[in-house]
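# Notes for the structure review
The primary structure of each chain is shown beneath.
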Amino acid sequence: MIRRLLFGTIIGAAACLTAAHAAGEGWPWAIASAVLGTLWLLGCWRDWSPTASLGLAAFTALAAFSLWLGGRSGTTLLALLAVVAALCAWDLDGLARRLARYPVVGDQAELERRHLARLLAVAALSLLLGGATLAIQIRLTFLPALLLGLLILLGFSWAILLLRTPDS
Amino acid sequence: MVARFSLPGGLLYGLLLAAVALLDGRMLVLALPLGLYLLAALYYGPYQARLRATHSFSTDRAVEGTLVDVELEIENEGQELEEVLVVDRLPPGLELAVGRPAALASLPPGGRFSFSYTVRVARGGYTFHEVEAVASDLFCLFQRRLALSAPDQLLVLPRIVKLRSLAIRPLRTRSYAGPVPARQAGSGVDFYGVREYHPGDPRRWINWRLSARHPRSLFTNEFEQERIADVGLILDARQRSEVRFGGESLFKHAVQAAASLAASFLDGGNRVGLLIYGRSLDWTFPGYGKIQRERIVQALARARTGDSQVFDRLDYLPTRFFPAQSQIVLVSPLWPDDVPTLVRLRARRYQILVVRPDPVSLELRGLPARPEVALAARIAGLERALMRRRLLQAGITVVDWHVDQSLDQAIYATMGRTPLWTRAAGLEGRL
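## Here's the deal with the overall build of chain B
A tally of helices and strands in chain B yields 10 helices and 19 strands. Rg of the C-alpha trace for chain B: 34 Å, well past the compact-globule value of 22 Å for 431 residues, more than 25% over. Taken along the three principal axes of its C-alpha coordinates, chain B extends 135 × 60 × 40 Å. In chain B, which comprises 431 residues, the share counted as buried stands at 37%.

Written as structure tokens, this is what we have:
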């Protein structure tokens with residue numbers, strides 16, 4: 001079931017990203033998105049380990065690029081959907097690999113069900129909040145941008161601290 | 001597993017940077033799923049992971065070459081762990097036969113799970129030290145690595161082959177009844193001699209033929225007493241006595257031979273001590289019975305070959321370990337410079353038996369059948385035959401053992417009593 005869901009989310013992410021670029025009439029990028037989606041699917045099918053990480057990074061970058069290129073109102077929602085689907089695909093790929101590599105003691109179906117439930121909750125909340133945010137126009141002025149910058153700095157230092165902790 | 005949070009974290013950071021750089025709020029919308037994903041993982045992270053691991057084996061005393069089931073039980077003594085990966089670190093030398101020494105599970109507080117795998121064991125003592133556990137959230141983004149202490153030992157003993165009773169004849173025996181001829185007249189089975197009749201001798205011991213030839217005199221048969229003896233087993237564990245070829249080890253066969261001989265002597269009621277002569281002197285004090293058998297087998301299970309400048313030759317063999325005029329049994333492929341030491345020991349009136357596992361036959365098994373190989377084997381065989389002759393001349397019994405054949409056969413061919421008619425027909429040793 002995990003494999004089927006994985007393929008489904010990759011196809012969904014590729015379709016949303018292609019549609020986002022097509023909506024902005026960025027046809028070369030739409031084709032590139034479709035090709036990337038196909039490569040990700042191929043990588044999954046052939047079990048190439050770095051494909052999922054590359055796929056998530058590429059899809060997020062292409063989604064951000066589609067927003068930067070500008071477009072119609074639906075582009076942002078499609079890009080958001082693409083990022084959510086790509087994130088789900090990346091997560092499911094990791095889960096599928098762990099399950100294939102190590103034998104599960106106890107109820108594997110229960111473990112999968114709990115994982116999927118939480119992933120679904122994160123995806124649903126992301127879409128809900130994202131949709132709500134789209135309805136509210138945010139215009140960044142200097143002060144919020146400064147605060148955001150500060151937040152980024154804090155996040156960066158926190159990430160470095162976390163990386164330096166040996167058991168994390 | 002590697003820490004996976006860096007990719008979504010990096011992407012989130014990149015999108016935030018892009019939002020600031022481009023002053024575009026829509027980038028924040030894209031960052032939202034990544035942020036929520038990381039937050040969910042952080043919230044359910046394994047902050048207080050406390051686990052306890054316990055090993056158990058299907059048997060405490062395994063015999064080499066057999067399969068042993070290893071069970072690992074993990075108990076959660078801390079918070080709920082959504083996903084925990086447990087990997088058991090196998091001590092070197094154990095070969096995994098069935099299953100995997102790793103498992104993935106989810107553990108509630110106080111919960112426990114166990115998994116098992118099967119290993120094929122080679123002789124030796126194996127110590128299981130640590131179990132590696134990686135606790136993580138369900139998304140496996142944040143991990144906490146734990147090294148769980150689960151010390152346990154598995155002892156793998158050498159295989160013991162049942163041997164027929166060995167006919168040893170040391171000059172001195174102990175005072176208890178046993179299977180070794182004591183060179184003293186008394187009650188026994190084998191005929192020893194004749195003496196004048198003493199009142200009280202059983203009538204069935206009277207030698208009537210001799211008495212008939214000497215009127216007015218009676219003679220009584222005497223039988224050889226049978227007692228137990230002191231046996232000192234020496235296992236040659238010098239590095240140069242080890243031959244490895246095609247995954248086979250000559251030392252492994254030597255250890256098996258020593259274990260089988262010790263078991264055979266102890267079964268006969270004798271007092272047996274063991275000296276492992278290699279990197280150092282590993283001495284198992286002489287003793288009787290099953291406990292001594294266990295001590296010797298455990299010492300042999302841990303026996304390893306090693307180098308030492310002092311014990312490179314047999315010159316420093318500590319004779320004080322062995323009672324005077326007792327039986328010494330040396331298990332060694334033997335080198336030409338060992339012969340003088342053995343001859344000296346024989347001169348001190350020790351009875352010596354040498355069991356020589358044949359390194360030539362072991363190596364020949366894996367070599368191609370070429371003329372030069374055959375010639376080399378012949379030369380090596382001649383050297384060994386010459387050594388054997390020198391030992392036999394000194395009164396030392398030598399059992400040459402081709403490790404392909406059973407030790408019992410090799411010993412019986414050398415030391416077993418063959419029927420008279422085979423000797424008469426010149427068939428001794430061929431049947």
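Picking up after the structure, the text goes on.
## Structural notes on the overall build of chain A
Looking only at helices and strands, chain A has 6 helices and 0 strands in total. Sequence-ordered secondary structure for chain A, helices as α and strands as β, is α-α-α-α-α-α. When its C-alpha atoms are laid out on the principal axes, chain A stretches across 55 × 40 × 25 Å. A sequence separation of at least 24 residues applies to 74% of the contacts in chain A between residues at least 6 apart.

## A word on the interface of chain B and chain A
Each partner contributes residues to the interface: chain B has 42 residues there, and chain A has 46 residues. For the side of chain B that touches chain A, the residue count by class is 32 nonpolar, 4 polar and 6 charged.

## Side note on helix α1 (residues 2-23) of chain A
Residue and element names in this part refer to chain A. Over its 22 residues, α1 runs 31 Å from end to end, which matches the ideal 32 Å to within 8%, given 1.5 Å per residue. Within α1, burial applies to Leu6, Thr9, Ile10, Ala13, Ala14, Cys16, Leu17, Thr18, Ala19, Ala20 and His21. Looking one or two places after α1, you find glutamate 25, whose phi comes out positive at around 60°.

## Quick word on the nonpolar core
Judged by nonpolar contacts, the single largest core of 88 residues is most densely connected at B:Leu233, B:Leu235, B:Ala258, B:Ala262 and B:Val354. Top contributing element to this core by residue count: helix α4 (residues 250-267) of chain B, with 11 residues. The residue makeup of this core includes at least three contributed by each of domain 2 (51-157) and domain 4 (230-424) of chain B. With residues near it in sequence (within four places) discarded, B:Leu235 still touches B:Ala254, B:Val255, B:Ala258, B:Leu274, B:Ile276, B:Tyr277, B:Ala303 and B:Val331. One finds A:Ala30, A:Cys44, B:Val29 and B:Leu141 within the second-largest nonpolar core, a separate group that totals 61 residues.

## A short note on the domain arrangement of chain A
Split into domains, chain A comes out as domain 1 (2-137) and domain 2 (141-168). Measuring from the centre of the C-alpha atoms in domain 1 of chain A to the corresponding centre in domain 2 of chain A gives 25 Å.

## A closer look at the packing of α1(A) against helix α3 (residues 51-69) of chain A
Between two packed helices, what matters for the description is the angle formed by their axes and the separation of those axes. All names here are of chain A. Contact geometry of α1 with α3 gives a least axis separation of 9 Å together with a crossing angle of 25°. Considering their axes alone, α1 and α3 lie roughly parallel with respect to each other. You can see that α1 and α3 cross each other, and the crossing is left-handed. Side by side, α1 and α3 meet where Ala13, Leu17, Ala20 and His21 of the first sit next to Phe59, Leu62, Ala63 and Ser66 of the second. In terms of residue class, the contact of α1 with α3 is made up of 6 nonpolar, 2 polar and no charged.

## What about the packing of α3(A) against helix α2 (residues 26-43) of chain B?
At their nearest, the axes of α3(A) and α2(B) sit 9 Å apart, and the two run at 155° to each other. As the angle between them shows, α3(A) and α2(B) are arranged roughly antiparallel. Crossing angle aside, the handedness with which α3(A) passes α2(B) is right-handed. Where α3(A) abuts α2(B), its residues A:Thr60, A:Ala63, A:Ala64 and A:Leu67 lie against B:Arg26, B:Met27 and B:Leu30. When grouped by side-chain class, the residues that make up the contact of α3(A) with α2(B) number 5 nonpolar, 1 polar and 1 charged.

## What to know about unusual backbone geometry
Of note, A:Asp47 is a non-glycine position whose phi angle comes to about 65°, a positive value. Within the secondary structure layout, A:Asp47 lies in the loop between α2 (27-46) and α3. The exposure class of A:Asp47 is exposed, given the 11 C-beta atoms found within 10 Å. In this structure, B:Leu334 is a non-glycine residue whose phi angle is positive, near 70°. Topologically, B:Leu334 is positioned in the loop between β17 (327-331) and α6 (339-347). What makes B:Leu334 buried here is the crowd of 24 C-beta atoms within 10 Å.

## Quick word on the environment of B:Ser332
Residue and element names in this part refer to chain B. Here serine 332 shows up in the loop between β17 and α6. Residue classification places serine 332 among the buried residues on the basis of 22 C-beta atoms within 10 Å. Taking C-alpha positions, serine 332 is 9.1 Å from aspartate 358, a pair spaced 26 residues apart along the chain. Beyond its immediate stretch of four places on either side in the chain, serine 332 contacts Asp236, Ser241, Val354 and Arg356.

## Overview of the confidence of the model for chain B
All names here are of chain B. Counting all residues, the mean pLDDT for chain B is 86, and 96% of those residues have values of 70 or more. Highest mean pLDDT in chain B belongs to β17 (94); lowest belongs to helix α10 (residues 420-424) (54). Across the interfaces of the predicted complex, the ipTM metric reaches 0.83, alongside a pTM of 0.71.

## Overview of the sheet that holds strand β2 (residues 61-63) of chain B
Residue and element names in this part refer to chain B. In space, the 5 strands of this open sheet follow the order β2-β9-β8-β4-β6, with mixed pairing throughout. Two strands in the sheet have a free side with no partner beyond their single neighbour: β2 and β6 (102-107). Along the sheet, successive strands turn relative to each other by an average axial angle of 35°, direction set aside. Bridging between β2 and strand β9 (residues 143-157) involves 3 bridges; their strand directions are parallel.

Thresholds applied
- Residues numbered from 1 in each chain as written.
- Chains lettered and ligands numbered in written order.
- Predicted model: local features only at pLDDT ≥ 70, side-chain atom pairs only at ≥ 80, totals over all residues.
- Helix = DSSP H or I, 4+ residues; strand = E, 2+ residues; numbered from the N terminus.
- Rg over C-alpha atoms; globule rule 2.2 N^0.38 Å.
- Buried ≥ 20, exposed ≤ 12 C-beta atoms within 10 Å, placed from the backbone.
- Contact = placed C-beta atoms within 7 Å.
- Nonpolar A, V, L, I, M, F, W, Y, C, P; charged D, E, K, R; others polar.
- Expected span 1.5 Å × (residues − 1).
- Core = buried A, V, L, I, M, F, W, Y, C linked by C-beta atoms within 7 Å.
- Domains from an automatic or database assignment.
- Axes fitted to C-alpha atoms, helices over the stretch in contact; angles between N-to-C directions.
- Parallel < 35°, antiparallel > 145°, perpendicular 65-115°, else oblique.
- Left-handed = near helix turned anticlockwise from the far one by under 90°.
- pLDDT = per-residue confidence, 0-100.
- Pairing = 2+ DSSP bridges.

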